[in-house]
Amino acid sequence: MVSALDLHVLMVPAFPLLGAVVIGAMRRKLKGNTAGILGTALIALSFVVSAILFLHRGADEPTHITTLFNWIHVGAMDIPFAFQLDALSLWMMLIVTGIGTLIHIYSIGYMHDDPRVATFFAQLNLFSFSMLLLVMGSNFLVTFIGWEGVGLCSYLLIGFWYTTPEFNYAGRKAFVMNRIGDIGMVLAMALMFYQFGTLNYVDVMKQGGMMATGNPLIVTATLLLFLGATGKSAQLPLLTWLPDAMAGPTPVSALIHAATMVTAGIFLVVRSSVLFQLAPYTQDIILWVGVATALFGATVGLFQNDIKKVLAYSTVSQLGYMFAALGVGAYSAGMFHVTTHAFFKALLFLGAGSVIHALGGEQDIRKMGGLKGVTKTTYMTFLVATVAIAGIPPLSGFFSKDGILASTFAESPLAYGVLVFAAMLTAFYMFRLLFLTFFGTYRGTAHLPAGQAGPHESPKVMTVPLMVLAVLSVIGGALNIPHIFGGHDWLKTFLATAADGIGMERLELSASTEWMLMALSTSLVLLTIWYTWTLFGKKTTLDGEPADMPFLKRLIAKRWMLDELYAWLFEKPYSWISRHFFGIGEEKIAVPATVGTGKAALGLGEWLRKVQTGNTSFYLFGMMVGVVVLLIITLFGV
Amino acid sequence: MMENVMTAIRLVPLDHYLILSFLLFSIGMVGALVRRNIIIVIMCLELMLNSVNLLLVAFSAYHSDPGGQIMVFFIMLVAAAEVTVGLAILVLLKRNTNGVDMNQLNRLKW
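Predicted model, so just to flag it, every value in this text is computed and none were measured.

A. View of the packing of helix 14 (residues 307-327) of chain A against helix 18 (residues 413-438) of chain A. Residues and elements named next belong to chain A. It is the contact of helix 14 with helix 18, at a shortest axis distance of 11 Å, that shows an interaxial angle of 160 degrees. In terms of orientation, helix 14 lies roughly antiparallel with respect to helix 18. Crossing handedness for the pair helix 14 and helix 18: left-handed. Contact with helix 14, carried on its side by Ile307, Val310, Leu311, Ser314, Ser317, Gln318, Tyr321 and Ala324, involves Leu419, Ala422, Ala423, Thr426, Tyr429, Met430, Leu433 and Thr437 of helix 18 and no other residues of that element. Residues belonging to the contact of helix 14 with helix 18 are distributed by class as follows: 11 nonpolar, five polar and no charged.

See below:
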């Protein structure tokens, strides 16, 4: 019995899977743009079906479960392979397929000259499929397959240009860091199965909702889930992989490491919001981890010189905002920021890709400048995204960031203060990036491809997605206009139909307080932008190296030495232990033991082979002796 | 008819069957161990098998259990097959070494 609705639900992940399999299998046969167009068409179909599902959503059935087959059925364990269609998964599906489609289109242009373009699109489609599995799964285990799937695709795509060893290391680092978080997720699943006897979201939330607030089991489970989320969403302390992940092609950075995959952790927390709502202790931790990460990312972003690194740390910082929102129970605010961030951060990355493309691979912003006149579309869209992320009204970033800030203020003014400071830093590093790239004079020496006279604008196939995203970045705020502006919190109302936890949020602030908070953050940000203009607006010279800077600046420029700290804390002791285990365990115990066993067997064989004389009578005699011995043993029980 | 055979077997005490069987088996075994002529060795093997047969039949009669006699048929069958193989080896040995000395078989080692 498959209803039309079920069929539509199955089609959404089926298209990208089909694309991954077909393009992957025929990657050597597909010439030119065929793979790109095929992959784009399939993800676009997926988006169309998602949109149909969204438009024809029945109000009478807020949560629809589509069971594909009975997946695991062992003893008391009963786990179906099923998809859950509700407001939350639908919203994520729209983001994943919608942004995914735009980035696929962009990739056709960006990856045009790459010899492995078909492989790229196969992996990109596989990623879309995994991500859809992640958001659509009706239980933790199906989500977990998607969770691991996106991790795998992330690894593959970071190391897409595998001939450069550093890129492979970056992929490996992302994979290992994510595994640390995954341990938390697996343990959380085991704990929940132990407690509830099921992993279905609906059942877990129903049973969990009846437990007391602060139940130690719920607190442990949510902490473990959050550990998983920190790994995937690059929060402290598991964030160092995300900046390195920029080794991948730029569309990958836009899709996986900005718009979709890294928001999986937020999705997971929102999905389990009922449980998190019952664990105030965990929520506090989430809030402060989010705030600390927002500040960390924003500070490090200040002095980065690689255009993609700046954006990477910016992503880390914005993810921190989202988690801060979750920490104060403002789930819809978090999801709203996920949405708007997907718009403007994808736009920023694609714009950066366009700039890199224009300069023939140059990524150092110190060697850019003055591109405003040359790459007009890129400049305009990049400007829109920068203004949006800085949080200037009425662009989308303002509304989502304001929602988070207001919710945080109601809960903890200190956290609010830190987040506003981080917002100022955000404005600083983003406008520094904008000014250094597009304003002033061109400072590069540009090793451009042959036949290219100077920086040039990207083809239409790349600029059209930029324009679409720019429009979305501008109007995205309309999704969730708060009451204070005469809006109706549409997204919040929509998402509230998905789970009990969403909607019961945000201590209401008085209108005057809200106006004041908005005015404060906006004016501070505007001030910062003006300051940034005075510093970088007309810059023609290069920045100095970190060595010339004062201590704090040098520390920040070196990313708070976090990588060095991890190397010192984990890598060094591990290498030391490994070296000594090799010296003692391997060379003194394992090798003598194995080699000794072999030598003993050889010696015994050398000696015993003399028995094989070839004399039949002797064999018979041996047999008889054996039988007699066996008889004696049997009869006398020796 | 069958009863008569059983009765006839029971006329001789069981000990005598045991002793005879033991002697036949020992002769067979010693012969198989010490003789080098492969024909003799095969004959000795048959002797050993048949001593066991004798014992099985005797016990079968004394215990009124036909199972032992059925086992005898199996052993005879196996003995026939075994002798077929053994004689084939004998023929080949004769052809290759122009003799029937079983120790010549140690050449197979190399």
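On we go from here.
B. Just the side chain of glutamine 304 of chain A, in detail. All names here are of chain A. Along the chain, glutamine 304 falls in the loop between helix 13 (280-301) and helix 14. Glutamine 304 gets classed as buried once you look at its relative accessible area, which sits at 5%. With residues near it in sequence (within four places) discarded, glutamine 304 still touches Lys309, Val310, Tyr313, Ile365, Arg432, Ala557 and Arg559.

C. Region of interest: helix 15 (residues 331-358) of chain A. An ideal rise of 1.5 Å per residue puts 40 Å on 28 residues; helix 15 of chain A measures up with 40 Å between its terminal C-alpha atoms. Burial analysis of helix 15 of chain A places 27 of its 28 residues in the buried class, the great majority of the element.

D. View of empty space enclosed by the protein. Residues and elements named next belong to chain A. All chains considered together, the criterion is met by three cavities of 30 Å³ or more. In this structure, the second largest cavity encloses a volume near 60 Å³. Forming the boundary of the second largest cavity are Ala390, Gly391, Phe398, Lys401, Asp402, Leu405, Ala423, Ser521 and Val525. Counting only elements with at least two residues in the lining of the second largest cavity, the list comes to helix 17 (396-411) and helix 21 (511-536). Of the residues forming the lining of the second largest cavity, the biggest block, four residues, is contributed by helix 17. Residues that form the lining of the second largest cavity fall into these classes: five nonpolar, two polar and two charged.

E. Looking closely at the nonpolar core. Residue and element names in this part refer to chain A. Membership of the largest hydrophobic core comes to 194 residues, with the highest contact counts inside it found for Phe140 and Met192. Sort the elements by how many residues they give to this core and helix 18 lands first, with 17 residues. In this structure, methionine 192 is in contact with Phe140, Gly197, Thr198, Leu199, Val204, Ala221, Leu225 and Leu275, ignoring residues within four places of it in sequence.

F. The environment of alanine 346 of chain A, seen in detail. Relative to the helices and strands, alanine 346 of chain A resides in helix 15. In this structure, alanine 346 of chain A is in contact with Ile99, Ile103, Ala254, Ala259, His341 and Leu469 of chain A, ignoring residues within four places of it in sequence.

G. Quick peek at the packing of aromatic side chains. Residue and element names in this part refer to chain A. Applying the stated criterion across every chain yields a total of 24 aromatic pairs over all chains. Measuring from ring centre to ring centre gives 5.2 Å for phenylalanine 435 and phenylalanine 439, while their planes differ by 85 degrees; the resulting arrangement is edge-to-face. When its relative accessible area of 5% is taken as the criterion, phenylalanine 435 is described as buried. In this structure phenylalanine 439 comes out as buried when scored by relative accessible area, which is 13%. Through a chain of ring-to-ring contacts, the aromatic side chains of Tyr379, Phe382, Phe431, Phe435, Phe438, Phe439 and Trp533 assemble into a single cluster. The ring of tyrosine 321 carries lysine 401 above its face, with NZ or CZ at 5.2 Å from the centroid.

H. The interface of chain A and chain B, seen in detail. At the junction of the two partners, chain A supplies nine residues and chain B supplies nine residues. Of the roughly 790 Å² buried at the junction of chain A and chain B (both faces included), carbon and sulfur atoms supply 63%. Inspection of the chain A/chain B interface yields zero salt bridges. Our enumeration of links across chain A and chain B arrives at zero residue pairs in polar contact (both at pLDDT 80 or more). Residue composition of the side of chain A that touches chain B, by class: three nonpolar, six polar and no charged.

I. The arrangement of the environment of leucine 225 of chain A in detail. All names here are of chain A. When you line up the elements, leucine 225 lands in helix 8 (residues 216-232). For leucine 225 and methionine 261, which are 36 residues apart along the polypeptide, the C-alpha to C-alpha distance reads 16 Å. Leave out the neighbours within four places in its chain, and leucine 225 touches Phe140, Gly184, Ala188, Met192, Leu268, Ser272 and Phe276.

Here is what the cut-offs are and how they apply
- Residues numbered from 1 in each chain as written.
- Chains lettered and ligands numbered in written order.
- Predicted model: local features only at pLDDT ≥ 70, side-chain atom pairs only at ≥ 80, totals over all residues.
- Heavy atoms only, no water.
- Axes fitted to C-alpha atoms, helices over the stretch in contact; angles between N-to-C directions.
- Helix = DSSP H or I, 4+ residues; strand = E, 2+ residues; numbered from the N terminus.
- Parallel < 35°, antiparallel > 145°, perpendicular 65-115°, else oblique.
- Left-handed = near helix turned anticlockwise from the far one by under 90°.
- Contact = heavy atoms within 4.5 Å.
- Nonpolar A, V, L, I, M, F, W, Y, C, P; charged D, E, K, R; others polar.
- Buried < 20%, exposed > 50% of the residue type's maximum accessible area, 1.4 Å probe, protein only.
- Expected span 1.5 Å × (residues − 1).
- 1 Å grid on protein atoms, 1.4 Å probe; cavity = no way out; pocket = protein on both sides within 12 Å on 5 of 7 lines; lining within 4 Å.
- Points joined across faces, edges and corners; volume = space filled by probe spheres on them.
- Core = buried A, V, L, I, M, F, W, Y, C linked by side-chain atoms within 4.5 Å.
- Phe/Tyr/Trp six-rings, centres within 6.5 Å; stacked < 30°, edge-to-face > 60°.
- Lys NZ or Arg CZ within 6 Å of the ring centre and 35° of its normal.
- Buried area = accessible area lost by both parts, 1.4 Å probe.
- Salt bridge = Lys/Arg side-chain N within 4 Å of Asp/Glu carboxyl O.
- Polar contact = N/O pair within 3.5 Å; in protein donor to acceptor, adjacent residues only side chain to side chain.

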